[in-house]
Amino acid sequence: MNEIRDLIIGIDIGKEYTQICYYDRKAEEARSLSMKVGASQCEAPGCICYRTDHGDYCVGLEAEYFAREKGGIMIGNIYDICQKEEKIQVAGEEKEPAELLAHFLRGILKFLGIQDIVKNTRCLCITSPELSTLQVRNYQKACSLAGFSREKYMLMDYGESFYYYALGQKRETWNRSVGWYAFAGDTVTFRKLTINGSSRPVLVKLENPVSAKLEPEEEIRDVEFYRFISKTLGKELFSSVQITGEGFDQQWAQQSVKLLCHQGRKVFYGNNLFAKGACIAGKDRLEDKKLKGYRYLSDSLVTADVGMDMRVMGSPAYYPLIESGSNWYECSASCELILDDTSELVFVVSIPEETEKKRVAMALDGLPKRPNRTSRLSLTLKYVSPRDCEITVKDLGF
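A brief structural summary. (Residues numbered from 1 in each chain as written. Predicted model: local features only at pLDDT ≥ 70, side-chain atom pairs only at ≥ 80, totals over all residues. Heavy atoms only, no water.)

1. Quick word on the overall build of the protein
- Within the protein, the secondary structure is distributed over 8 helices and 25 strands.
- Here the C-alpha coordinates of the protein stretch approximately 80 × 60 × 40 Å along the principal axes.
- For the protein, with 398 residues in total, the buried portion stands at 45%.
- Contacts spanning at least 24 positions in sequence make up 64% of the contacts within the protein whose residues lie at least 6 apart.
- With the model as given, the accessible surface of the protein reaches about 21000 Å², and the carbon-plus-sulfur share is 47%.
- Here the protein contributes 53 positive and 56 negative side-chain charges, whose respective centroids are spaced 5 Å apart. (Helix = DSSP H or I, 4+ residues; strand = E, 2+ residues; numbered from the N terminus. Buried < 20%, exposed > 50% of the residue type's maximum accessible area, 1.4 Å probe, protein only. Contact = heavy atoms within 4.5 Å. Areas by Shrake-Rupley, 256 points an atom, 1.4 Å probe, with all protein chains shown as cover. Lys, Arg positive; Asp, Glu negative; His and termini not counted. Charge placed at Lys NZ, Arg CZ, Asp CG, Glu CD.)

Structural data, given as structure tokens:
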């Protein structure tokens, strides 16, 4: 790789495999890194192993080797580990899932061959098939343990990675709808990415998935996939179709491929889409901002604006704290304030589709009684799920 500083890195932590890529500024594209020396193998098993003779951890193909040949302790798949809260026994010690993920991240980042990777990274973007509250907590703690400050990393699920990847390509591949077929063995799932160009901002949405089971026998499999394509694409105009996952092969998909390419549709197949999408997301959000006028609608978005009516610089004003449109795990805010003739905090909550704003009062029980304008408070808001915001107030005294 030709980048050594201001790195933008995408890591795909999948259910079975892991990939890593970086943004090549010279070529202006996200590039996958091989996970095997001397080969172009972008995927590696998402496993982590403890090497008892070295007292350290290794990941991926190296983890499999040391567990198989050198007596290493195979801990398991990192995606599954981060789905849990319980500590895991490793060589007689208890390790939290986030600790193991931090070791895993350090191991996979070594493939970049950069010294002091944290210092030279501008953005690390991690993507996974989905992000539960527990996963987010483990991922955030792991990034912190690995040395990345909150400003240096971001998280997203496969849906959002797909959005960034699709809209990061040439416009002719997404000026209409984009189809996505995800294979997992004998099951194929279809989702449609739609773009509402008449709205401001432009709203982009992945429709709910539709799945079908395919027979393993190749000729029948081709016929069944052909029927599924006819059902899901119909007569609608699609700019392009993306195919991901294990289970698709052009050798058996003879008639299916012809139908996919009908009406000049561009068809792409590959399994590095999500790591690249995460990488493109980091580049766009921090530097290019080409998608600033677009909003990806997902289930993880915060839908409410939260603020307070305050006196700012002596004048009454609305003070925004959290704005809608961001993923819940990215939404937090803090400020300091002085109470003025009140013993409670009142938050103004507004939802874009609703005309009436709601006011939610928070009592300050236990706050010492002081003369007016002498109580200084620290206020922190942090979303802990798409619909739940945790508010912490600390008394700072006079």
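2. Some thoughts on the pattern of salt bridges
- Counted under the stated rule, the structure contains 21 salt bridges.
- Here Arg 373 makes a salt bridge to Asp 340, at a shortest N to O gap of 3.2 Å. Taken together, the residues Arg 373 in the loop between strand 23 (358-363) and strand 24 (376-383) and Asp 340 in the loop between strand 21 (332-338) and strand 22 (344-350) connect sequence positions 33 residues apart.
- Residue Asp 340 is classed as partly exposed on the basis of its relative accessible area of 34%.
- A cluster of three or more residues bridged by salt bridges with shared partners is formed by Arg 25, Arg 122, Lys 283, Glu 287 and Asp 288. (Salt bridge = Lys/Arg side-chain N within 4 Å of Asp/Glu carboxyl O.)

3. What to know about helix 1 (residues 60-69)
- Of the positions making up helix 1, those classed as buried are Gly 60, Ala 63 and Phe 66. Looking down the long axis of helix 1, one finds its buried residues gathered within 105 degrees of arc, a one-sided arrangement.
- Looking at the buried side of helix 1, the elements it contacts are strand 4 (44-45), strand 5 (47-51), strand 6 (56-59) and strand 7 (73-77).
- Backbone geometry just downstream of helix 1 places Gly 71 in the positive-phi region, at approximately 75 degrees. (Arc of directions from axis to C-beta.)

Read these as spatial facts, not as claims about activity.
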